[in-house]
Amino acid sequence: MSKENIGTANEHSHMHTHTKEVTNRLAKAIGHLQKVKQMVEDGDDCSDVLIQLAAVKSALNNTGKLILKDHIDHCIVHAVQEGDEQMLDELNNAIDKFIK
């Protein structure tokens, strides 16, 4: 099993259409999170910190939605075409963990 597939039983390629957008969104989320860390270290107002944390959560949720869309559009469509019902179970598990 390759490094990319550790933790899953899937052995297919991941050709995503939104890779650049996902990496850009993650970079922004990392920037927001670094800002939050700096705000805490600087003793900034708690309300301001919470607002920045909300921005981080929103950025991560929106990034997750984009990854989920790619997963459904590519991986799940391919799995259905191949009759791979295990992939659908894994999708349901991933959604459960994502929305927790």
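Residues numbered from 1 in each chain as written. Predicted model: local features only at pLDDT ≥ 70, side-chain atom pairs only at ≥ 80, totals over all residues. Heavy atoms only, no water.

Draft legend 1. Layout of the overall build of the chain. Secondary structure summary: the chain contains three helices and zero strands in total. When the helices and strands of the chain are placed in sequence order, the string is α-α-α. Looking at the chain as a whole, 21% of its 100 residues are labelled buried. Considering only residue pairs separated by 6 or more positions, the chain has 58% of its internal contacts joining residues 24 or more positions apart. Only carbon and sulfur atoms are counted for the fraction: they give 57% of the accessible area of the chain, which is about 7,400 Å². (Helix = DSSP H or I, 4+ residues; strand = E, 2+ residues; numbered from the N terminus. Buried < 20%, exposed > 50% of the residue type's maximum accessible area, 1.4 Å probe, protein only. Contact = heavy atoms within 4.5 Å. Areas by Shrake-Rupley, 256 points an atom, 1.4 Å probe, with all protein chains shown as cover.)

Draft legend 2. Structural view of the packing of helix α2 (residues 46-82) against helix α3 (residues 85-99). Interaxial distance between α2 and α3 falls to 11 Å at its minimum, and their mutual angle equals 175°. The angle between α2 and α3 falls in the class roughly antiparallel. Here L60, N61, G64, K65, L68, H71, I72, C75, I76, A79 and V80 of α2 lie close against α3, whose contacting residues are M87, L88, L91, I95 and F98. (Axes fitted to C-alpha atoms, helices over the stretch in contact; angles between N-to-C directions. Parallel < 35°, antiparallel > 145°, perpendicular 65-115°, else oblique.)

Draft legend 3. A look at the confidence of the model for the chain. Taken as a whole, the chain shows an average pLDDT of 84; of its residues, 85% reach a score of 70 or greater. Per-element confidence in the chain ranges from a low mean pLDDT of 87 for α3 to a high of 94 for helix α1 (residues 19-42). Note that pLDDT drops below 50 for residues 1-10; the model gives that stretch 14 contacts with residues more than four away or on any other chain. (pLDDT = per-residue confidence, 0-100.)

Draft legend 4. Summary view of the nonpolar core. Core analysis: the biggest nonpolar cluster contains five residues, these being C75, I76, A79, M87 and L91. Those elements that place two or more of their residues in this core are α2 and α3. If one sorts the elements of this core by residue count, α2 sits on top with three residues. Beyond its immediate sequence surroundings of up to four residues, I76 is in contact with H71, M87, L88 and L91. (Core = buried A, V, L, I, M, F, W, Y, C linked by side-chain atoms within 4.5 Å.)

Draft legend 5. Region of interest: a negative patch on the surface. Taken together, the side chains of D42, D44, D45 and D48 make up a negatively charged region of the molecular surface. Within the element layout of this structure, D45 appears in the loop between α1 and α2. (Patch = residues over 30% accessible without salt bridge, like charges linked within 9 Å, V, L, I, M, F, W, Y side chains within 5 Å. Salt bridge = Lys/Arg side-chain N within 4 Å of Asp/Glu carboxyl O. Lys, Arg positive; Asp, Glu negative; His and termini not counted. Charge placed at Lys NZ, Arg CZ, Asp CG, Glu CD.)

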